[in-house]
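Fold and contact review
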Amino acid sequence: MLQSTLAKRSLGGLCVLGGLTGLLKPELLAHRFAPPIGVEDISLPAHKLAIAIAVALIALGLVPLLESWLSSERARRWLRIVATVCAYLALCSALSDWMIDDAAITFAYSENLVRGYGLTLHPSLPREEAYSNTLWMLWLAALRFAGIAVPIAAKYSCLAVGSVTILAVHLGASRLNGERLRSWLLPSMVLFGAPYLVWSCSGLEHGLQGLSIVLCALWPLFDEKRAPVVSGLSLAALVLVRPEAPLIVMACTYLYVYYTHQRTKNWLTAAQENWAVAVIPGAVWVALIAFRLAYFGDPLANPYYVKASDATFARLLNVVGGGWEYVYAWAFGSGIFIALPIVIRACAKQLPKSIAIALGLSATHLAFVLYARGDWMGCWRFICPIIPSLAFVIAWAYSEPEEAASNGTRLAFAHSVATVSTLVVLALGSFRQYLTFLATPTTPYEVVAKVGQEFVDLGKRLGLNDPVLAHHDAGGTSYAARIKLLDLGGLGNRAIAKHMNDAEFLTHYILDDAKPDFVFGVARNFAAGRSLFWQRPQFETDYVRVEFPGKPYMKSDLSYIKRTLVEKQPLPPGIELERQGSLLASVIVK
């Protein structure tokens, strides 16, 4: 026991010493990560990550140094939880200046609702649901009504939800396993995985989604009698946050009923005791569909038509591509696969109800990921919601042979080696992924806002009061720039969302009906890539390329302006025309 305590203190001291060195000389730690990444400008992201890791090391290293001064297990438990939350916040600080552009779609709806325009992406656009996370949108609107800017409200709400999730996971693990060090350290490292760090602080609702799922597994540990009602309320929140929530509701209902049946041996009694798990979220889902029909005129949000309307269950069978490839890349890239042998060993016994629920809901969510083929965004966005549940399961699985550990057996030694190996692999995989994301973050909403603002300013210089921009990013353009958007991505435009595979419809709709003043974005993706409208003779006749020299964020495959806006009027200073002979070739905006 004395040797174990000394080893823990020595390890904690090394962590604190390493963290202090990292704070004083962050370039030393940054150099360890930067060279192998292969990204040109890695110095600033590596420096930010080095400081974040240094603070996290200090927070975690202080635990074995301070816990011997605490007289009760309860105090030591809270010390570990506070240290984990501090480390989480420190690691998230590396992304303090980033939020995903898709989050700003919700920001725009929250802002317009508070301003009295209703639920619309832009005051002059029709009512269409581009967000599909109703509860998150309403929460941000409430904070905006209280006077807090929506991006600030979103970032701090994300961090608060992430902190509460860490608290819930560790309290659940301690209730199931008792007070054990590896029950604290391993789930912490799983929660520090890059997918959870990135997407729990992205401004989107994935952290809240993960908390809602894991609470269904944890609550029976604290109050078995009220667990169905509390889980039903948690699932009701999930229904208002994510469109795939009904799948989780069905899986959770079955698991609750199944484990009650094990006790009562009567399916009817089991169903009656757990009615709230299905009825509460079911009623909320029916109310949500009714609201959508009454307000938007459609039972489904635009994201469904864009992302899932062509999905088939046959994708579940394609184990060498699609969603399976997405899951493989996460599991091996993050190193989470190293936990599987211990989990499988633990699952050979009768599973506790909470562990079965956590595994069952995680498997259900992964089935949806396979069905939807994953996601194109960096760092496995769709994996984030099950990370808390997996952290809870791994905490339980790795703590199984604690009795052997206390007796000093060979099994205890092997288990300790497995624990250390898992920690090292998880840390290396996570930090490498995290640094790569920091160097090339997915679609920052601030950059998209700058793009939208450039076209707002250009429209004002040309005398346009309400210009229309055709672009595939709907967040920063709508929330910050507040430009009227023809969303080529489909999220903010139901016609495009429902006809994304109809090239002729898209071409006619964009060029003949919408007639945007500006076109900007990628040429081979979204509606532009599906229709190739920019290759049509009509587009070449109606539009001319526009360039913004000296502004790298304005370089794009598609960057065009209506010819009529620049051909028949005196142009303001700073807007020049380039011609090839008598033909207008491009417009230069300085």
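Throughout what follows, the structure given in this document is the object of discussion. (Residues numbered from 1 in each chain as written. Predicted model: local features only at pLDDT ≥ 70, side-chain atom pairs only at ≥ 80, totals over all residues. Heavy atoms only, no water.)

Comments concerning the environment of Arg 461
Of note, Arg 461 is situated in helix α22 (residues 445-461). Given a relative accessible area of 31%, Arg 461 falls into the partly exposed group. For Arg 461, the contacting residues outside a window of four places in its chain are Pro 572, Pro 573, Gly 574, Ile 575, Val 589 and Lys 590. Polar contacts involving the side chain of Arg 461 include one to the main-chain carbonyl oxygen of Lys 590, which spans 3.4 Å. (Helix = DSSP H or I, 4+ residues; strand = E, 2+ residues; numbered from the N terminus. Buried < 20%, exposed > 50% of the residue type's maximum accessible area, 1.4 Å probe, protein only. Contact = heavy atoms within 4.5 Å. Polar contact = N/O pair within 3.5 Å; in protein donor to acceptor, adjacent residues only side chain to side chain.)

Describing the environment of Val 198
Relative to the elements of secondary structure, Val 198 occurs in helix α9 (residues 194-200). We classify Val 198 as buried; its relative accessible area is 0%. Discounting chain neighbours no more than four positions away, the residues touching Val 198 are Leu 95, Trp 98, Cys 379, Tyr 434 and Phe 437.

Thoughts on the sheet that holds strand β2 (residues 484-487)
With respect to topology, seven strands assemble into an open sheet ordered β2-β1-β3-β5-β4-β7-β6, the strand pairing being mixed. Two strands bound the open sheet, and with one partner strand each, they are β2 and β6 (575-580). Shown here is a sheet whose adjacent strand axes are inclined to one another by a mean of 30°, direction ignored. With four bridges joining them, strand β3 (residues 518-521) and strand β5 (residues 558-562) adopt antiparallel strand pairing. What sits directly across from Phe 518, in β5, is Ile 561. Strands in contact with α22 are β1 (468-471), β3, β4 (543-547), β5, β6 and β7 (583-589); relative to β3, the strand with the most contacts, it is inclined by about 160°. (Pairing = 2+ DSSP bridges. Axes fitted to C-alpha atoms, helices over the stretch in contact; angles between N-to-C directions.)

Remarks on helix α25 (residues 503-514)
With 12 residues, α25 should cover 16 Å at 1.5 Å per step; its first-to-last C-alpha distance of 15 Å lies within 8% of that length. Every buried residue of α25 is accounted for by Leu 506, Thr 507, Tyr 509, Ile 510 and Leu 511. Buried positions in α25, seen along its axis, are confined to an arc of 165° and lie on one side of it. In this structure, the buried residues of α25 make contact with β2, α24 (494-498), α26 (526-531), α27 (537-542) and β4. Following α25 by one or two positions, Lys 515 adopts a phi angle in the positive range, close to 50°. (Expected span 1.5 Å × (residues − 1). Arc of directions from axis to C-beta.)

Focus: the packing of aromatic side chains
Aromatic ring pairs: the centre-centre distance and the angle between the two ring planes describe each pair. Summed over all chains, the structure comprises 25 aromatic pairs. Ring geometry for Tyr 109 against Tyr 131: centres 4.7 Å apart, planes inclined by 65°, an arrangement best described as edge-to-face. Here Tyr 109 is found in helix α5 (residues 101-115), whereas its partner Tyr 131 is found in the loop between α5 and α6 (134-145), with 22 residues between them in sequence. Across the pair, Tyr 131 and Tyr 109 agree in class, each one buried. Aromatic side chains Phe 455 and Phe 548 sit 5.6 Å apart centroid to centroid with 80° between the ring planes, which places their arrangement in the edge-to-face category. Placement of the pair is Phe 455 in helix α22 and Phe 548 in the loop between β4 and β5, with a sequence separation of 93 residues. With respect to class, Phe 455 is no different from Phe 548; both count as buried. One aromatic cluster is present, built from ring pairs that chain together Tyr 109, Tyr 131, Phe 291, Tyr 295 and Phe 296. Looking at Arg 381, its charged tip hangs above the ring of Trp 199, at a distance of 6.0 Å from the centre. Directly above the ring of Tyr 560 sits Arg 545, whose terminal nitrogen or CZ lies 5.7 Å from the centroid. (Phe/Tyr/Trp six-rings, centres within 6.5 Å; stacked < 30°, edge-to-face > 60°. Lys NZ or Arg CZ within 6 Å of the ring centre and 35° of its normal.)

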